[in-house]
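One letter stands for each residue in the lines below.
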Amino acid sequence: MLSLYVIANILFIAIASASVANLYDDCLQEDMLLSALGKIFQKEIRHNIAIEKQELEGERVSVPKWKMPIGGCIICTNVWITILMALLYVICPLAFLTLAAIGVSNTALKFIIK
């Protein structure tokens, strides 16, 4: 049976990783820090959303599978960010805590602003 300490660590890593994934997704949006990458990774997704909102005419395009885990899909990206954050937690706790603090504060700020 898992101890309370292990369960708390797992939850801490999971919440921090989800917050960092959320931050990464925010950074990929237009006029943000990584918007150039966002244009590459989310080109087809943004095209399909524009068609759904009837802002654009045409047909939906398929999203290349390789784009999904690196920013094309926040759920897919979150898996890899969680793996990287777990490794950082073990290998370099200071880097983990820095990223966790930035990610959690970004997520908290979203709730404060709304």
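Residues numbered from 1 in each chain as written. Predicted model: local features only at pLDDT ≥ 70, side-chain atom pairs only at ≥ 80, totals over all residues. Heavy atoms only, no water.

What follows is about unusual backbone geometry. Backbone geometry places aspartate 31, a non-glycine residue, at a positive phi of 65 degrees. Looking at the element boundaries, aspartate 31 is found in the loop between α1 (4-27) and α2 (35-41). (Helix = DSSP H or I, 4+ residues; strand = E, 2+ residues; numbered from the N terminus.)

Turning next to the side chain of serine 19. The residue serine 19 is located in helix α1 in this model. A distance of 3.0 Å separates a polar atom in the side chain of serine 19 from the backbone oxygen of isoleucine 15. Once residues within four sequence positions are removed from consideration, serine 19 is found in contact with Gly103, Val104 and Thr107. (Polar contact = N/O pair within 3.5 Å; in protein donor to acceptor, adjacent residues only side chain to side chain. Contact = heavy atoms within 4.5 Å.)

Once that is clear, we can look at the environment of isoleucine 51. Position of isoleucine 51 among the secondary structure elements: in helix α3 (residues 43-52). Judged by relative accessible area, which is 15%, isoleucine 51 ranks as buried. For the pair isoleucine 51 and valine 61, spaced ten residues apart in the sequence, the C-alpha separation amounts to 10.0 Å. With residues up to four places along the chain from it excluded, the contact list for isoleucine 51 reads Leu56, Gly58, Glu59 and Arg60. (Buried < 20%, exposed > 50% of the residue type's maximum accessible area, 1.4 Å probe, protein only.)

A few words now on helix α5 (residues 93-113). Taking 1.5 Å of rise per residue, 21 residues should cover 30 Å, and α5 covers 30 Å from first to last C-alpha, within 8% of that figure. Taken together, the buried positions of α5 are occupied by Phe96, Ala100, Gly103, Asn106 and Thr107. Along the axis of α5, the buried residues cluster in a sector spanning 130 degrees; they form a single face. Of the exposed residues in α5, those oriented more than 90 degrees away from the buried face are Leu94, Ile112 and Ile113. Buried residues along α5 sit in contact with α1 and α4 (74-91). (Expected span 1.5 Å × (residues − 1). Arc of directions from axis to C-beta.)

A full pass over the atoms with the stated rule returns two aromatic pairs. Note on phenylalanine 12 and phenylalanine 96: the rings are 5.4 Å apart at their centroids and 75 degrees apart in plane angle, and the pair reads as edge-to-face. In this pair, phenylalanine 12 sits in helix α1 while phenylalanine 96 sits in helix α5, placing the two residues 84 residues apart along the sequence. For the pair tyrosine 89 and phenylalanine 96, a centre-to-centre distance of 5.1 Å together with 80 degrees between the ring planes defines the contact as edge-to-face. With a relative accessible area of 26%, tyrosine 89 lands in the partly exposed category. A network of ring pairs unites the aromatic residues Phe12, Tyr89 and Phe96 as a single cluster. (Phe/Tyr/Trp six-rings, centres within 6.5 Å; stacked < 30°, edge-to-face > 60°.)

Okay, the packing of α4 against α5 next. Where α4 meets α5, the closest approach of the two axes is 6 Å, and the angle between their N-to-C directions is 135 degrees. One element, α4, and the other, α5, form an angle in the oblique class. Residues Met85, Leu88, Tyr89, Val90 and Ile91 of α4 pack against Pro93, Ala95, Phe96, Leu99 and Ala100 of α5. Grouping the constituent residues of the contact of α4 with α5 by class yields ten nonpolar, no polar and no charged. (Axes fitted to C-alpha atoms, helices over the stretch in contact; angles between N-to-C directions. Parallel < 35°, antiparallel > 145°, perpendicular 65-115°, else oblique. Nonpolar A, V, L, I, M, F, W, Y, C, P; charged D, E, K, R; others polar.)

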